[in-house]
Amino acid sequence: MGNKIITITRQYGSGGREIGQKLAENLGVDFYDNKLLEIASGDSGIHKSHFEENDEKRSNSFLYLLSTTYGQGGVPFDDTLFFAQLGAIQKIASQQSCVIIGRCADYALRDFEGVVNIFITAPFEVRVKRAIECYGITKKHSEEYVRRIDKQRTSYYNYYTDKRWGMPQNYHLCLDSSALGIDGSVVLLKQFLDDFYK
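Residues numbered from 1 in each chain as written. Predicted model: local features only at pLDDT ≥ 70, side-chain atom pairs only at ≥ 80, totals over all residues. Heavy atoms only, no water.

The next subject is helix α2 (residues 34–44). The complete set of buried residues in α2 reads L36, L37, A40 and S41. Down the axis, α2 shows its buried residues gathered within 140° of arc, on one side only. For α2, the elements touching its buried residues are β2 (30–32), α3 (48–53), α5 (77–95) and β3 (98–101). (Buried < 20%, exposed > 50% of the residue type's maximum accessible area, 1.4 Å probe, protein only. Helix = DSSP H or I, 4+ residues; strand = E, 2+ residues; numbered from the N terminus. Arc of directions from axis to C-beta. Contact = heavy atoms within 4.5 Å.)

See below:
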């Protein structure tokens, strides 16, 4: 088997990013989150700030409407950013084993071999607590914030793919991170991947 590629889709506050980072370290492979945006920026010539501002969400603002003729062929700016990221994901996966967080990576790599797609979830109250304690979200706005980020990710994924975000059939494994904790989840995933890649 060639490269081992793990994509992680995650609900906000589930600890999916931390799990992905620790899993990559455990596997001895590179971890791609914000680093992916740098590659997409370098390959496309679009400033990284545009990728950061529109990360895993589609714009609905007046500025977006003004930018719909950005690039060749009148491609909407959001679409230009998406396809730049898709190209970066495919480039990375063709070159090395790695763990990639979010950004429709499972869809981008749907025709690649050796890809394992994982979905990380956790109960809403657990995710809200993590948002407050780990990400510094104020308690007053924490529930609304968690819902909003999940809604943005859902809308983004559903718009750009032919699948529905969070549906079990899209993934090789769905994991509730609250059941085993961050480190326990990494151990379970490592065991699963060792068996998968035998």
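Picking up where we left off.
On to the pattern of salt bridges, then. For the coordinates displayed, the defined rule picks out 12 salt bridges. With a shortest N-O distance of 2.9 Å, D194 and K190 are connected by a salt bridge. Taken together, the residues span about one helical turn, with D194 and K190 both in helix α9 (residues 177–196) at a distance of 4 residues. We classify D194 as partly exposed; its relative accessible area is 37%. For K190, a relative accessible area of 21% gives the class partly exposed. Three or more residues joined by partner-sharing salt bridges are found here, namely E18, K22, R130 and D183. (Salt bridge = Lys/Arg side-chain N within 4 Å of Asp/Glu carboxyl O.)

Counted by the stated rule, this structure contains 11 aromatic pairs. For the pair F82 and Y156, a centre-to-centre distance of 6.0 Å together with 70° between the ring planes defines the contact as edge-to-face. Placement of the pair is F82 in helix α5 and Y156 in helix α8 (residues 139–160), with a sequence separation of 74 residues. For Y156, a relative accessible area of 3% gives the class buried. Between the aromatic rings of F196 and Y197, the centroid separation amounts to 5.1 Å while the plane-to-plane angle is 85°, which identifies the pairing as edge-to-face. A relative accessible area of 31% means that F196 is categorised as partly exposed. By the ring-pair criterion, three or more aromatic residues cluster together here, those being F82, F83, Y156, Y159 and Y160. Against the face of Y107 rests R110, its NZ or CZ located 3.9 Å from the ring centre. (Phe/Tyr/Trp six-rings, centres within 6.5 Å; stacked < 30°, edge-to-face > 60°. Lys NZ or Arg CZ within 6 Å of the ring centre and 35° of its normal.)

A few words on the packing of helix α1 (residues 16–27) against α9. It is the contact of α1 with α9, at a shortest axis distance of 10 Å, that shows an interaxial angle of 35°. Between α1 and α9 lies a crossing whose hand is right-handed. Along its contact with α1, which presents E18, I19, K22, L23, N26 and L27, the element α9 presents S177, I182, D183, S185, V186, L189, K190 and L193. Considering only residue class, the contact of α1 with α9 consists of 7 nonpolar, 3 polar and 4 charged. (Axes fitted to C-alpha atoms, helices over the stretch in contact; angles between N-to-C directions. Left-handed = near helix turned anticlockwise from the far one by under 90°. Nonpolar A, V, L, I, M, F, W, Y, C, P; charged D, E, K, R; others polar.)

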